[in-house]
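Structural characterization, general
Single-letter residue listing:
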Amino acid sequence: MFEGDDGAQLQCCVTVEQLNAAGQATRRQVIRKASVILGRNEFQEIILRVHDGKVPQNYNLKEFRLFTKFVRDGKCTVKLLPENVQVLVSNCPPDKLSLFLKTLSVKHQARQGTKPLSARDRLKAGLPRSFEAISPLQHKDIQKVNELRSKAAPSGLTDQTNKTKAAKPGQQVKRSRADCNFSPVKQNPSKKPILSLPSRKLNKEQAAVLSAVLSGKNVFFTGSAGTGKSFLLKRIMGSLPPKSTFATASTGVAACHIGGTTLHNFAGIGSGSAPLEQCIALAQRPGVLQHWTSCRHLIIDEISMVEAQFFDKLESVARSVRRSTQPFGGIQLIVCGDFLQLPPVSKGKEKASFCFQARSWRKVMQLNMELIEVRRQTDQSFISLLQAVRVGRVTEEVTATLMKSAYHQIERDGILATRLCTHKDDVELTNENKLQQLTGAPREFEALDSDPSLVKTIDSHSPVSRLIQLKVGAQVMLTKNLDVARGLVNGARGVVVSFEPGTHGLPRVRFMCGVTEVVKLERWVFKSSGGIHLSRQQLPLKLAWAISIHKSQGMTLDCVEISLARVFECGQAYVALSRARNLEGLRVMDFNQRVVRADPDVLLFYKKLRKERLLMQASMDDFMCDKENS
Ligand SMILES: Nc1ncnc2c1ncn2[C@@H]1O[C@H](COP(=O)(O)OP(=O)(O)OP(=O)(O)O)[C@@H](O)[C@H]1O
Ligand SMILES: [Mg+2]
């Protein structure tokens, strides 16, 4: 079973169109708040029921086409062929929609081969009309369909590409990349199951946070590095209606991680330092106002870098722009981060205050929850070392272990360690020099930007630069998840071993995980504050002799060398050390315990939170059993 969802029911916007022979809509019905249910009638045929809260409409899914290209945007179309009707779904939580389509596809294919009933058979059966929601997808359904598919002789394909050989009219399902796990019925050379279930399930504590979010409460959830906060945020995004959900983060790097935008971009009030009236006026500009009025769920990752005054300003702007007296104007806040990691950037002398010190924080936050289970690292002793560093408790043993790591040999297959630097200029200098030292002329890869005049905005949102220079031997890092199962994930380290033929031949990279792959162009799409979609097409690579600690925020890194001598912020040493997946992949130069500092205000906040949360935790338990009993 899939976590917390039966896959047979959707809440979304539905448009039902009756088409004429030329495919134009002659009649259109829009249902803003529809429920769409997958079920079976008295003859066990699969029925799509669209309910507008008054009268349900049933569509028999015998012959239909699915258009699923925009599932990640919460949209799809079911085209009923004989009736020439199309049902357009929109503003649907993407994860729910993709599970629904998977259920539909599997259940439909499992029925392949059953003889269609004639009108006479129906009459003779004399069964009372009935409708029953379809049972949730189980592993056995998947197995059955994979068997059917692997047995399917090549000529019997219902694959779009060889239309002439398409099997009897049956389901002519149009497949798009979005359906990659419903790949068209082809002989499957790799013999791996064609259909698969989502492998990376939420653990219990992550599921509890998701439940609290879906109950509509304002939730702050925290946890040390690698406990899956960002991972969970992406699942939360997949469970909320896309049109009214805005995913943001305090920095461009973190925003990239969750496929969102920066909080500043969402808010459109600049630095927020202007007087309130002015900020409200800024928020009412076209393009920005639409964010504030359509937003019902505001997600913020890496909250530790948002400063208190900015948070308070946002809260006041929200109430004023949305003409609501509720905290944050009634927007549901879903906020996460680790206050013992990077603090807000201080301007000038005085120390910037943390978000939890904001006037409105306690008024806004209804539930504080914590993820305890660390997922990035697996070695318990390394996890304990990191926990000690996180709270600034540097024992002799911690010091000895980190100093010993200076001799770790972490290079392998020509892949050198990435140096995590505290200052950006060191990074640029190191990468440039190292590239220059390699023989041969560099190959240049220029990005294709949707709007070259907005290169600054695009730069601040994408993890790759407009221009990338590479040579054979260049140390590189992947900046996008290409294939999680094969270890080609954001942060994966590698070295360029060759280029494909031709002046713009793509680079072939050998990765630390053992895979050697030609890296192809990828595309990043994001919404800028004016609400316009911007995009960049570029290689998902960046030079990786060095990277800044700020740019490594949120990342999981294979092999890092850290020099902590110039660490200047509380939490910075912890962020750097906690990027490494294991101690063997880490080399710490010139360690001395002075560089490890935890902010005393933050330690106090977590201490109070723990004391309170014991109550909150109890109420969390109450909350969970209320849920079970409801
Ligand atoms: N339930 C899960 N199933 C499988 N993998 C998971 C799960 N939760 C987290 N992970 C993996 O653990 C690693 C750390 O997760 P993530 O980056 O979300 O942690 P984080 O709390 O955001 O860390 P940081 O504080 O450094 O940003 C990632 O590789 C992520 O894919
Ligand atoms: Mg994170």
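Residues numbered from 1 in each chain as written. Chains lettered and ligands numbered in written order. Predicted model: local features only at pLDDT ≥ 70, side-chain atom pairs only at ≥ 80, totals over all residues. Heavy atoms only, no water.

Once that is clear, we can look at the UniProt feature "binding site: ATP" (unreviewed entry) in the chain. With numbering aligned to this structure, UniProt lists the feature "binding site: ATP" (unreviewed entry) at Gly-223, Ser-224, Ala-225, Gly-226, Thr-227, Gly-228, Lys-229 and Ser-230. Turning to its location among the elements, Thr-227 is positioned in the loop between strand 9 (219-223) and helix 5 (229-238). The class of Thr-227 is buried, set by a relative accessible area of 0%. Only 2.7 Å separates the side chain of Thr-227 from the backbone oxygen of Ser-224, close enough to count as a polar contact. Tracing the backbone through its elements, the reader meets Gly-228 in the loop between strand 9 and helix 5. With a relative accessible area of 14%, Gly-228 lands in the buried category. Beyond its immediate sequence surroundings of up to four residues, Gly-228 is in contact with Gln-206 and Leu-371. (UniProt positions renumbered as here; feature names shortened; annotations may be inferred. Helix = DSSP H or I, 4+ residues; strand = E, 2+ residues; numbered from the N terminus. Buried < 20%, exposed > 50% of the residue type's maximum accessible area, 1.4 Å probe, protein only. Polar contact = N/O pair within 3.5 Å; in protein donor to acceptor, adjacent residues only side chain to side chain. Contact = heavy atoms within 4.5 Å.)

Read from one edge of the open sheet, four strands run 26-15-27-28, paired in parallel fashion. Unpaired on one side and paired on the other, strand 26 (546-548) and strand 28 (586-589) mark the two borders of the sheet. Here the average twist between neighbouring strands, direction ignored, is 25°. (Pairing = 2+ DSSP bridges. Axes fitted to C-alpha atoms, helices over the stretch in contact; angles between N-to-C directions.)

Let us now look at the environment of Gln-24. In this structure, Gln-24 sits in the loop between strand 1 (9-19) and strand 2 (25-41). Classification of Gln-24 as partly exposed rests on a relative accessible area of 48%. For Gln-24, the contacting residues outside a window of four places in its chain are Gln-18 and Leu-19.

For a regular strand, the rule is simple: side chains alternate between the two faces of the sheet. Most of strand 1 sits inside the fold, with eight of its 11 residues counted as buried. Between strand 1 and strand 2, which pair antiparallel and follow one another directly, the connecting turn spans five residues, one of which, Gly-23, has a positive phi of 85°. By the bridge criterion, six bridges tie strand 1 to strand 7 (residues 85-90) in an arrangement that is antiparallel. Residue Val-16 lies in a different strand from strand 7, and its bridge partner there is Val-87.

Taken together, 20 residues sit near ligand 1, with Lys-201, Gln-206, Lys-229, Phe-231 and Arg-579 positioned nearest. Gly-226 places a polar main-chain atom, nitrogen or oxygen, 2.9 Å from an oxygen atom of ligand 1. Contact with the protein chains covers 87% of the free accessible surface of ligand 1, which is 630 Å². Per element, the largest residue contribution to the shell around ligand 1 is three residues, and it comes from helix 5. For the shell around ligand 1, the residue count by class is three nonpolar, 10 polar and seven charged. (Near = heavy atom within 4 Å. Areas by Shrake-Rupley, 256 points an atom, 1.4 Å probe, with all protein chains shown as cover. Nonpolar A, V, L, I, M, F, W, Y, C, P; charged D, E, K, R; others polar.)

Quick look at the nonpolar core now. In terms of nonpolar packing, the biggest core is built from 42 residues, with Trp-292, Leu-298, Phe-311, Phe-328, Phe-339 and Trp-361 touching the most fellow members. Breaking this core down by element, the ones donating at least two residues are helix 7 (263-267), helix 8 (276-283), helix 9 (288-294), strand 12 (297-301), helix 10 (308-321), strand 13 (332-336), helix 11 (361-364) and helix 17 (600-629). For this core, the element with the most residues is helix 10, which contributes seven residues. Once residues within four sequence positions are removed from consideration, Trp-361 is found in contact with Phe-220, Ile-303, Phe-311, Val-335, Phe-339, Cys-355, Phe-356 and Phe-605. With 34 residues, the next largest nonpolar core counts Leu-342, Val-389, Leu-402 and Ile-549 among its residues. (Core = buried A, V, L, I, M, F, W, Y, C linked by side-chain atoms within 4.5 Å.)

This part covers helix 4 (residues 204-214). Along helix 4, eight of the 11 residues are buried, which leaves the element largely enclosed by surrounding structure. Of all the positions in helix 4, only Glu-205, Gln-206, Ala-208, Val-209, Leu-210, Ser-211, Ala-212 and Val-213 are classed as buried.

Turning next to the packing of helix 1 (residues 94-110) against helix 3 (residues 139-151). The contact between helix 1 and helix 3 brings their axes to 9 Å, and the two run at 60°. Taken together, the axes of helix 1 and helix 3 are oblique relative to one another. Once helix 1 is placed against helix 3, the crossing between them reads as left-handed. Contact with helix 1, carried on its side by Val-106, Lys-107, Gln-109 and Ala-110, involves Asp-141, Ile-142, Lys-144, Val-145, Leu-148 and Arg-149 of helix 3 and no other residues of that element. In the contact of helix 1 with helix 3, the residues fall into five nonpolar, one polar and four charged. (Parallel < 35°, antiparallel > 145°, perpendicular 65-115°, else oblique. Left-handed = near helix turned anticlockwise from the far one by under 90°.)

Turning our eyes to something else, we now look at the domain arrangement of the chain. Along its sequence, the chain is organised into domain 1 (9-113 + 131-142), domain 2 (204-371) and domain 3 (440-544). Centre-to-centre, using C-alpha coordinates, domain 1 lies 38 Å away from domain 3. (Domains from an automatic or database assignment.)

Glancing now at the state of the cysteines. In this structure the tally under the stated criterion is zero disulfides. Counting only cysteine sulfurs, Cys-92 is the nearest neighbor of Cys-76, a cysteine outside any disulfide, at a range of 7.7 Å. Here Cys-513 is not cross-linked by a disulfide; its sulfur's nearest cysteine counterpart is in Cys-559, at 11 Å. (Disulfide = S-S within 2.5 Å.)

What follows deals with the sheet that holds strand 23 (residues 522-527). Taken in spatial order, the three strands of this open sheet run 17-24-23, and their pairing is antiparallel. Of all strands in the sheet, those with a lone pairing partner are strand 17 (448-449) and strand 23, marking the two edges. Across two bridges, strand 17 lies against strand 24 (residues 533-538) in antiparallel orientation. Looking at the pairing, Leu-448 lines up with Gln-537 of strand 24.

Another point: the pattern of salt bridges. Enumeration according to the criterion identifies 23 salt bridges in this entry. Arg-419 serves as the salt-bridge partner of Glu-561, at 3.0 Å between the closest nitrogen and oxygen. Linking Glu-561 in strand 27 (residues 560-563) with Arg-419 in strand 15 (residues 418-421), this pair joins segments that are 142 residues apart in sequence. With relative accessibility at 12%, the residue Glu-561 sits in the buried group. On the basis of relative accessible area, Arg-419 is assigned to the partly exposed category, the value being 31%. If you follow the salt bridges from partner to partner, you end up with Glu-411, Arg-419, Glu-561 and Arg-587 in one network. (Salt bridge = Lys/Arg side-chain N within 4 Å of Asp/Glu carboxyl O.)

Moving on, we come to the packing of aromatic side chains. Considering all chains together, one arrives at 15 aromatic pairs under this definition. For the ring pair Phe-220 and Phe-605, a centre distance of 6.3 Å and an interplane angle of 50° mean the geometry is tilted. In this pair, Phe-220 sits in strand 9 while Phe-605 sits in helix 17, placing the two residues 385 residues apart along the sequence. Accessibility classification places Phe-220 together with Phe-605 in one group, the buried group. An angle of 55° between the planes, with centres 5.7 Å apart, marks the rings of Phe-311 and Trp-361 as tilted. Note that Phe-311 is positioned in helix 10 and Trp-361 in helix 11, a separation of 50 residues in sequence. Across from the ring centre of Tyr-606, 5.3 Å away, lies the NZ or CZ of Arg-390, which sits over that ring. One residue, Lys-480, lies across the ring of Trp-524, its end atom 5.1 Å from the ring centre. (Phe/Tyr/Trp six-rings, centres within 6.5 Å; stacked < 30°, edge-to-face > 60°. Lys NZ or Arg CZ within 6 Å of the ring centre and 35° of its normal.)

Here, UniProt's "DNA-binding region" (unreviewed entry) annotation points to residues 572-591. With 30% helix and 20% strand, residues 572-591 has its two end C-alpha atoms placed 13 Å apart.

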